[in-house]
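Single-letter residue listing:
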Amino acid sequence: MIDINSINREIQLARFELNDSSNIKGILSLRTRKRIWKAMLDPEDTEGTYRRRTSLRILCVEQVKHHWYRAFPRDERVDEMIALTQDVVEQREDADTSQQRAESFLVDVLDEIDDFNSITEPASFVADAASSTVISACHRYLDYDIANSAEEDDERLPDALDTSYCCASAAAGALNWQPLEDTDVDARRAFWLWYLDEAIPAVLEAQ
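For the structure given in this document, a descriptive report is provided here. (Residues numbered from 1 in each chain as written. Predicted model: local features only at pLDDT ≥ 70, side-chain atom pairs only at ≥ 80, totals over all residues. Heavy atoms only, no water.)

Considering the packing of aromatic side chains
- Overall, the coordinates contain seven aromatic pairs when judged by the stated rule.
- Clustering of aromatic rings is evident, with ring pairs tying together Phe191, Trp192, Trp194 and Tyr195. (Phe/Tyr/Trp six-rings, centres within 6.5 Å; stacked < 30°, edge-to-face > 60°.)

Regarding the packing of helix α3 (residues 46–64) against helix α9 (residues 185–206)
- In contact at an axis separation of 10 Å, α3 and α9 are set at 135° when each is read in the N-to-C sense. One finds that α3 runs oblique with respect to α9. You can see that α3 and α9 cross each other, and the crossing is right-handed. On the side of α3, the interface is formed by Arg52, Ser55, Leu56, Leu59, Cys60, Gln63 and Val64, while α9 contributes Phe191, Trp194, Tyr195, Ala199, Ile200, Ala202, Val203 and Leu204. (Axes fitted to C-alpha atoms, helices over the stretch in contact; angles between N-to-C directions. Helix = DSSP H or I, 4+ residues; strand = E, 2+ residues; numbered from the N terminus. Parallel < 35°, antiparallel > 145°, perpendicular 65-115°, else oblique. Left-handed = near helix turned anticlockwise from the far one by under 90°. Contact = heavy atoms within 4.5 Å.)

A short note on the environment of Arg9
- Position of Arg9 relative to the elements: it lies in helix α1 (residues 4–19).
- By relative accessible area, Arg9 is classed as exposed at 52%.
- The spatial distance from the C-alpha of Arg9 to the C-alpha of Ile36 is 8.9 Å, given a sequence separation of 27 residues. (Buried < 20%, exposed > 50% of the residue type's maximum accessible area, 1.4 Å probe, protein only.)

A short note on helix α2 (residues 30–39)
- The buried fraction of α2 amounts to seven of the 10 residues, a majority that puts the element mostly inside the structure.
- When we look at burial in α2, the residues that qualify are Leu30, Thr32, Arg33, Lys34, Ile36, Trp37 and Ala39.
- Buried residues in α2 make contact with α1, α3, α8 (163–172) and α9.

Notes on α3
- Its 19 residues place the ends of α3 28 Å apart at the C-alpha level, agreeing with the 27 Å of an ideal helix rising 1.5 Å per residue.
- Within the span of α3, buried status applies to Gly48, Thr49, Tyr50, Arg52, Arg53, Thr54, Leu56, Arg57, Ile58, Cys60, Val61 and Val64.
- Next to the buried residues of α3 lie α2, α4 (66–71), α5 (77–89), α7 (120–137), α8 and α9. (Expected span 1.5 Å × (residues − 1).)

Topic: unusual backbone geometry
- We note that Gln91 has phi near 60°; this positive angle belongs to a residue other than glycine.
- Take Gln91: it is sitting in the loop between α5 and α6 (95–112).
- In this structure Gln91 comes out as exposed when scored by relative accessible area, which is 60%.

Points about the pattern of salt bridges
- Counted under the stated rule, the structure contains 15 salt bridges.
- As a salt-bridge pair, Arg51 and Glu47 come within 2.9 Å of each other at their nearest N and O atoms. Highlighted residues: Arg51 and Glu47, both in helix α3, separated by four residues, approximately one helical turn.
- Three or more residues are tied together by salt bridges with common partners; here these are Arg33, Arg57, Asp145, Asp153 and Asp162. (Salt bridge = Lys/Arg side-chain N within 4 Å of Asp/Glu carboxyl O.)

Some points on the nonpolar core
- Core analysis: the largest hydrophobic core is formed by 58 residues, its most contacted members being Trp68, Val78, Phe105, Phe191, Tyr195, Leu196 and Ile200.
- Of all the elements in the fold, those that place two or more residues in this core are α1, α2, α3, α5, α6, α7, α8 and α9.
- When residues no more than four places from it in sequence are discounted, the contact partners of Phe105 are Trp68, Arg77, Val78, Met81, Ala127, Ala130 and Ser131. (Core = buried A, V, L, I, M, F, W, Y, C linked by side-chain atoms within 4.5 Å.)

Here we look at the environment of Thr163
- Relative to the helices and strands, Thr163 is located in helix α8.
- On the basis of relative accessible area, Thr163 is assigned to the buried category, the value being 0%.
- If we skip the residues at most four places from it in the chain, Thr163 touches Arg57, Cys60, Val61, Ala129, Ser132 and Thr133.
- Separated by 2.6 Å, the side chains of Thr163 and Ser132 make a polar contact. (Polar contact = N/O pair within 3.5 Å; in protein donor to acceptor, adjacent residues only side chain to side chain.)

Let's talk about the side chain of Ser132
- Mapping Ser132 onto the fold places it in helix α7.
- Under the relative-accessibility criterion, Ser132 is labelled buried at 10%.
- Within polar-contact distance, the side chain of Ser132 engages the backbone oxygen of Ala129 at 3.0 Å.
- Those residues in contact with Ser132 that lie beyond four places of it in its chain are Arg57, Leu161, Asp162 and Thr163.

Okay, structure coming up:
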């Protein structure tokens, strides 16, 4: 059974991190998110944990996919990745084949973008998020989100970035390591507050 009080404590600590005056870039660290994800684990319900994890990722992609459509107005591949994720969850699609499709999608998008600018770069982050959402769904084990030893997003390899980080980066128009002057800090902070105050509660209430 999930300890809701434990989750709420971790969310409150995450809010403190976001509101700290020294956090000038509006970053919600991977270390902090891992503590929330760990609190959301239910060892007695692996399937429920898996579905919550996947639903949270889908919500994140939905929240920022307008950045994709701003760059690629008639390209529905991100929505196709979301649909593929749902098919994997319900075991209507093979996991290995779906992971290959997701990886190829991201490679194709990065190859297609000739100029990474204020429009196309956020779209590439959304594509990364959509790809990682499918790949996450292909792995049903309990501690998928917390098994990696990295404590900061920038420690992870480009092909192993977390969905929520990619989506926050799409909102901000920049990754954590990029200069402050290239970052929409208000948009990044707003995304993380939505993540804490709306997305996580919605996922927990739905199960």
